[in-house]
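# Structure at a glance
Residues per chain are reported as follows:
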Amino acid sequence: MFWVLFLLSAWAVAGLACLRLCLAAVRAAAAAAAAAAPRSAAREHALTLYEAAFLSGGPRRVADLTLVSMARQRRLLLAHTGWATVVDPCGRDDMERSVIGAIGPEGQSRIAPVRAAAATADAVRGLADRLVGAGLAVPDGGAGGVADGVRRVRAAAATVCALGLAALALPLPTTEPRLLVALWFALPLALTLGCLVITRMEVHPYSRWASPAGQRLIGALVQRADGTADDRTFLTSVAVRGVHAIGEPDLRAAFAHREEYAEGHRERRV
């Protein structure tokens, strides 16, 4: 009867994950209702590239966009080796000044620490507060939100499968056929999969950063940018899709070094 313990664990994992997702969906619906009043103004709001970057990828996307924008204007050099060098020390806005300050007085630094410092600067926090206040961004970076809840339910579904396989691997009495044990584990698995299907139909697409109103504005921004080939279109692609949308080999190499540097630091901390 040890398999019953695995079954109880599966129900606990599945039930808790689905409950959290349901609560997150209720909170998201309440937030959408609360934002209904200013939504007409939100429809008329024209997103800046910084705002689009935050709604699409959060604070780090804003830092990436600022770095790429300054590099396109030749006011910052991003080497393929992963280093950033200041050419023009006068930032044109708070975001650029945050990046220049993160690089430091020597005027040169690795891209990874610059990105991390710029993402936590006051300018980005102020941008986040304004977007939340306008009903375009999810409060607290989506912590406990629908996207986070979906990830938990997916993990719960995988856990239920693992527990079911472990239970079937145990020696079972002849009075308890393995098919019946598998059917018992199919119930919590059906709960998690059903919850995912309902969530996808009701609230998809779900974003960690943008509210439904914010997602609509991002879509409108992308539609306006389509069909043109200029710097703003290039930066719009970076803001919405991230640095992987960069088609220039040197810039891609610079940000690839950023990711390798970050991975190396995580390994050393472990």
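Structure report, in brief.

Our focus in this paragraph is the packing of aromatic side chains. The way to describe two aromatic rings as a pair is by their centre distance and the angle between their planes. Summed over the entire model, instances satisfying the criterion amount to 1 aromatic pair. An angle of 65 degrees between the planes, with centres 5.5 Å apart, marks the rings of F54 and W209 as edge-to-face. Taken together, the positions of F54 in helix α3 (residues 49-57) and W209 in the loop between α9 (178-203) and α10 (212-225) put the pair 155 residues apart, joining distant regions of the chain. R72 extends its terminal NZ or CZ atom over the ring of F234, reaching a point 4.0 Å from the ring centre.

Further remarks concern helix α7 (residues 122-133). Taking 1.5 Å of rise per residue, 12 residues should cover 16 Å, and α7 covers 16 Å from first to last C-alpha, within 8% of that figure. Looking at α7, one finds that the buried residues are A123, V124, L127, A128 and L131. Taken end-on, α7 shows its buried residues confined to a sector of 140 degrees, consistent with a single buried face. Across from the buried face of α7, at angles greater than 90 degrees, the exposed residues are D122, D129, R130 and G133. The inward-facing, buried residues of α7 abut α3, α4 (59-72), α5 (94-103) and α6 (111-119). Phi for G135, located one or two positions after α7, is positive at around 75 degrees.

Attention now goes to the pattern of salt bridges. Enumeration over the complete set of coordinates arrives at 7 salt bridges. Linking R115 and D64 is a salt bridge whose minimum nitrogen-to-oxygen distance equals 3.0 Å. One end of the pair, R115, is in helix α6; the other, D64, is in helix α4, with 51 residues separating them in the sequence. Judged by relative accessible area, R115 falls into the buried class, the value being 18%. Looking at D64, the relative accessible area reads 3%, which means it is buried. A salt bridge links D231 to R72; the nearest nitrogen and oxygen atoms lie 2.5 Å apart. Of this pair, D231 sits in helix α11 (residues 231-241) while R72 is found in helix α4, placing the two residues 159 residues apart along the sequence. Owing to a relative accessible area of 41%, D231 belongs among the partly exposed residues under this scheme. In this structure R72 comes out as partly exposed when scored by relative accessible area, which is 22%.

Criteria and thresholds
Residues numbered from 1 in each chain as written. Predicted model: local features only at pLDDT ≥ 70, side-chain atom pairs only at ≥ 80, totals over all residues. Heavy atoms only, no water. Phe/Tyr/Trp six-rings, centres within 6.5 Å; stacked < 30°, edge-to-face > 60°. Helix = DSSP H or I, 4+ residues; strand = E, 2+ residues; numbered from the N terminus. Lys NZ or Arg CZ within 6 Å of the ring centre and 35° of its normal. Expected span 1.5 Å × (residues − 1). Buried < 20%, exposed > 50% of the residue type's maximum accessible area, 1.4 Å probe, protein only. Arc of directions from axis to C-beta. Contact = heavy atoms within 4.5 Å. Salt bridge = Lys/Arg side-chain N within 4 Å of Asp/Glu carboxyl O.

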